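One letter stands for each residue in the lines below.
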Amino acid sequence: FLKDHLTVVVIGASGDLAKKKTYPSLFALWKSHFLPEKIKIVGYARSKMSDADLRDRLRPFLVGAKSVHGRTDSQVEDFLEHCVYRSGGYEEAEAWKGVNEDLNEIEANSGMLECNRLFYFAVPPNVFAPAASAIKDNCWNLEGGREGWKRVIMEKPFGTDLSSFESLSQHLSSVFQEEEMYRIDHYLGKEMVANLLYVRFANIMFEPLWNRHYIKSVTITFKEDIGTYGRGGYFDKVGIVRDVMQNHLLQVMSIVAMEAPVRLAGERFDEFIRDEKVKVLECVDAIRPEEVVLGQYTASRDGSEPGYLEDEGVPKDSNCPTFATLVMWIRNQRWEGVPFILKAGKALNERKAEVRIQFHAAAAGEFLFPSAGELVRNELVFRMQPNEAIYMKANMKQPGLGDKITVSELDMTYRNAFPDDFDKLPDAYTRLILEVLRGKHAAFVREDELRVSWKIFTPLLEKLESQKPTSYVFGTRGPKESDELISKLGFRYHGGF
Ligand code: BG6
């Protein structure tokens, strides 16, 4: 694709996602020469503005883009030269016809025959379907004998339950081919999530232990130390389960739990990976309401941080959960009896996302080291953010003349292991956009993955709708009922979680 002409149409160019993620990621790729030289980025939205206005709006987000390593102001200006703007309604056929004329002209001027078009949907979900039809009807056929691929990037929410997902999906698949669609779950673009496949399958030492005989529990945690801040009006219709569990945490879980794909490279490897993810999700039992804890945050102890109900746009009697812990049981040979605990919350004591695999207790512990008390269980931890790391908790002899046992960590913190790369780790969106340009689907969510994930969550969401969440104070670990549930499931707390 580097030798072809590329036009990227950013639909919703004036919105938050476009400014904070889409454009900075395109800039990062352009700066590292991962985009063709012949490229135009056409921003599209309803607001009326000129090319110069768009550039003025984008500039601060590019200059300040921490994820674009070593950027300079002149690079920002050079990149902005490729960015133009056109306004129109998302469903307006005439406006899209106009965009198509622009695209044809841009492509004709490039003098190239191979011209690719990428449509990035950075718009609210209610316009996905109508905008998709309008684009397909008006922007899909290239002129002048030119040829190239057309691809579409979309991002959650894909519905709010199984039936709304089905109707959206039916519409989208009547418009686009599955291979034209790239559904982003940005957790799949995170370095550590990509690395999970490598660690699991490129080493001999983990796979033999990766099952119910050795693993006691798997916990996948998402914690944020900020509240919903002015986004409460949106969040209230969604809640934490739909916001991060049905997508990000479930995606991570499917990679931790799936069987080895037929191949991890080469022909059809994308489908092999996604097939295994779907298979393992198909084995998930219905979530038991008694194994769910919901929470909603109240103001911080010192009053400096407001409670959820004080956020603008949140109804005063809202039952929307900002915290949830729930348990999934995967009914297959590998995982029978191992709880997969998903925990997610806003306004907690720290920002952290990790996968924590806790092993069974070492059988010899008690009689070989009688005075040691309970030995810690081995734990393998993948910290997705911040400060990416893989580490393993292990029992060791306390150095010196004594015979005490201590816990230590076999540590592979990225900052130490890869000091040259650590500061340059790409943003998730940068990695994912590049995968789209390369035509690789493995890191995107297939339609059947979404269907099964909604099948898992919809019955639970219906049951929980009217349930009152337990209050927890902003800046704490969340409701104590969550810790109680997790320890009831056999998880032993040894710190760090
Ligand atoms: C988004 C959610 O999908 O992911 C947000 O809608 C959440 O509520 C965000 O804050 C977290 O992403 P990250 O990459 O900061 O962990």
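Predicted model only: the values in this text are computed from it and were never measured.

A.B. asks: Can you break down the overall build of the chain residue by residue, with the values?
C.D. replies: From N to C terminus, the chain includes 16 helices and 15 strands. Computed over the C-alpha atoms, the radius of gyration of the chain is 24 Å, within 12% of the 23 Å expected from 2.2 N^0.38 for a compact globule of 497 residues. Its C-alpha atoms put the chain at 80 × 50 × 45 Å along the principal axes. In the chain, which comprises 497 residues, the share counted as buried stands at 55%. Of the contacts formed within the chain by residues at least 6 apart in sequence, a portion of 78% connects residues at least 24 apart. Computed over 65 positive and 73 negative side-chain charges, the separation of the two mean positions in the chain equals 3 Å.

A.B. asks: So what's going on with the UniProt feature "domain: Glucose-6-phosphate dehydrogenase NAD-binding" (unreviewed entry) in the chain? Which residues, and what values?
C.D. replies: When the UniProt feature table is mapped onto this chain numbering, "domain: Glucose-6-phosphate dehydrogenase NAD-binding" (unreviewed entry) sits at residues 9–195. Counted over residues 9–195, helix gives 46% and strand 17%. Its end C-alpha atoms are 30 Å apart.

A.B. asks: Account for the nonpolar core, naming residues and giving values.
C.D. replies: F121 and M328 are the most contacted members of the largest nonpolar core, which totals 148 residues. Ranked by the residues each element gives to this core, the list is headed by helix 9 (residues 239–257), at 11 residues. Filtering out sequence-adjacent residues up to four positions away, F121 remains in contact with I11, F128, A131, A132, I135, V152, I153 and M154.

A.B. asks: Account for the confidence of the model for the chain, naming residues and giving values.
C.D. replies: Scored by pLDDT, the chain comes out at a mean of 94, with 99% of its residues at no less than 70. Taken over the whole predicted complex, pTM reads 0.96, whereas the ipTM for its chain interfaces reads 0.96.

A.B. asks: Which residues make up the side chain of N104, and what values do they have?
C.D. replies: Its place among the elements puts N104 in helix 4 (residues 93–110). Not counting chain neighbours up to four residues away, the residues in contact with N104 comprise R117, N141, L142, E143 and R146.

A.B. asks: Give a detailed account of the pairing of strand 2 (residues 39–45), specifying residues and quantitative values.
C.D. replies: With 6 of 7 residues buried, strand 2 is to be regarded as a mostly interior element. As paired strands, strand 1 (residues 5–11) and strand 2 are joined by 6 bridges and run parallel to one another. Its bridge partner lying in strand 2, V8 is registered against I41. Crossover strand 1 to strand 2 through helix 1 (residues 16–31) is right-handed. By the bridge criterion, 5 bridges tie strand 2 to strand 3 (residues 83–87) in an arrangement that is parallel. Note on strand 3: the bridge partner recorded for I41 is C83.

A.B. asks: Requested: an account of the pattern of salt bridges, with residues and values cited.
C.D. replies: According to the stated counting rule, one finds 36 salt bridges in the structure shown. When the shortest N-O distance is used, the salt bridge between R59 and E77 registers 2.7 Å. Residue R59 is located in helix 2 (residues 51–63), and its partner E77 is located in helix 3 (residues 73–80); the two are separated by 18 residues in the primary sequence. Accessibility expressed as a relative area gives 25% for R59, which makes it partly exposed. Salt bridges sharing partners connect three or more residues here, namely K223, E350, K352, E354, R356 and E379.

A.B. asks: Account for the site of the ligand, with residues named and values stated.
C.D. replies: For the ligand, the full set of nearby residues is K156, H186, Y187, K190, F222, E224, R231, D243, H248, K346 and Q385. A distance of 2.6 Å separates an oxygen atom of the ligand from a polar atom in the side chain of E224. In the complex, 79% of the free accessible area of the ligand, which totals 400 Å², lies under the protein chains. When its residues are assigned to classes, the shell around the ligand shows 2 nonpolar, 3 polar and 6 charged.

A.B. asks: Mind laying out the sheet that holds strand 2, listing which residues take part and the relevant values?
C.D. replies: Spatially, the 6 strands line up as an open sheet ordered 3-2-1-4-5-6, and their pairing is parallel. In the strand order of this sheet, the two ends are held by strand 3 and strand 6 (181–184), each with one partner. Each strand of the sheet is rotated relative to its neighbour by a mean of 20°, with strand direction disregarded.

A.B. asks: Any chance you could break down the packing of aromatic side chains for me, citing the residues and the numbers?
C.D. replies: All chains considered together, the criterion is met by 18 aromatic pairs. Ring plane angle 55° and centroid distance 6.5 Å describe the contact between Y187 and F222, whose orientation is recorded as tilted. Separated by 35 residues along the polypeptide, Y187 in the loop between strand 6 and helix 7 (191–201) and F222 in strand 7 (residues 215–223) bring together distant segments of the chain. Since its relative accessible area comes to 2%, Y187 is described here as buried. Aromatic ring contacts, followed pair by pair, group F235, Y297, Y308, F323, Y472 and F474 into a single cluster.

A.B. asks: I'd like a rundown of the packing of helix 9 against helix 15 (residues 447–464), residues and numbers included.
C.D. replies: For the pair helix 9 and helix 15, the least separation of the axes is 11 Å and the interaxial angle reads 135°. Relative to helix 15, the element helix 9 lies oblique. When you trace helix 9 past helix 15, the crossing you get is right-handed. On the side of helix 9, the interface is formed by V241, R242, M245, Q246, L250 and Q251, while helix 15 contributes E449, L450, S453, W454, I456, F457 and L461. Of the residues that constitute the contact of helix 9 with helix 15, the class distribution is 8 nonpolar, 3 polar and 2 charged.

A.B. asks: I'd like to hear about the environment of A194, residue by residue, with values.
C.D. replies: Along the chain, the position of A194 falls in helix 7. Taking the C-alpha atoms as reference points, A194 and I255, 61 residues apart in sequence, are found 9.3 Å from one another.

A.B. asks: Provide a residue-level description of a nonpolar patch on the surface, including the pertinent values.
C.D. replies: Nonpolar side chains collect at one region of the surface, where F367, L368 and F369 lie side by side and expose about 350 Å² of accessible area between them. Here F367 is to be found in helix 11 (residues 365–368). The exposure class assigned to F367 is exposed, which follows from its relative accessible area of 60%.

A.B. asks: Describe in detail the sheet that holds strand 7, supporting the description with residues and values.
C.D. replies: Read across the sheet, 9 strands follow the order 14-13-12-11-7-10-9-8-15 without closing on themselves; strand pairing throughout is mixed. Whereas interior strands pair on both sides, the edge strands pair on one side only; in this sheet they are strand 14 (405–413) and strand 15 (470–473). Strand-to-strand, the axes of this sheet are offset by a mean angle of 20°, without reference to chain direction. Direction of pairing for strand 13 (residues 389–397) relative to strand 14: antiparallel, over a ladder of 9 bridges. Residue pairing in the sheet places M396 in a bridge with T406 of strand 14. The strands touched by helix 7 within the sheet are strand 12 (379–385) and strand 13, with strand 12 carrying the most contacts at an inclination of about 145°.

Quick notes on the rules
Residues numbered from 1 in each chain as written. Predicted model: local features only at pLDDT ≥ 70, side-chain atom pairs only at ≥ 80, totals over all residues. Heavy atoms only, no water. Helix = DSSP H or I, 4+ residues; strand = E, 2+ residues; numbered from the N terminus. Rg over C-alpha atoms; globule rule 2.2 N^0.38 Å. Buried < 20%, exposed > 50% of the residue type's maximum accessible area, 1.4 Å probe, protein only. Contact = heavy atoms within 4.5 Å. Lys, Arg positive; Asp, Glu negative; His and termini not counted. Charge placed at Lys NZ, Arg CZ, Asp CG, Glu CD. UniProt positions renumbered as here; feature names shortened; annotations may be inferred. Core = buried A, V, L, I, M, F, W, Y, C linked by side-chain atoms within 4.5 Å. pLDDT = per-residue confidence, 0-100. Pairing = 2+ DSSP bridges. Right-handed = clockwise from strand over helix to strand, strands pointing away. Salt bridge = Lys/Arg side-chain N within 4 Å of Asp/Glu carboxyl O. Near = heavy atom within 4 Å. Polar contact = N/O pair within 3.5 Å; in protein donor to acceptor, adjacent residues only side chain to side chain. Areas by Shrake-Rupley, 256 points an atom, 1.4 Å probe, with all protein chains shown as cover. Nonpolar A, V, L, I, M, F, W, Y, C, P; charged D, E, K, R; others polar. Axes fitted to C-alpha atoms, helices over the stretch in contact; angles between N-to-C directions. Phe/Tyr/Trp six-rings, centres within 6.5 Å; stacked < 30°, edge-to-face > 60°. Parallel < 35°, antiparallel > 145°, perpendicular 65-115°, else oblique. Left-handed = near helix turned anticlockwise from the far one by under 90°. Patch = residues over 30% accessible without salt bridge, like charges linked within 9 Å, V, L, I, M, F, W, Y side chains within 5 Å.

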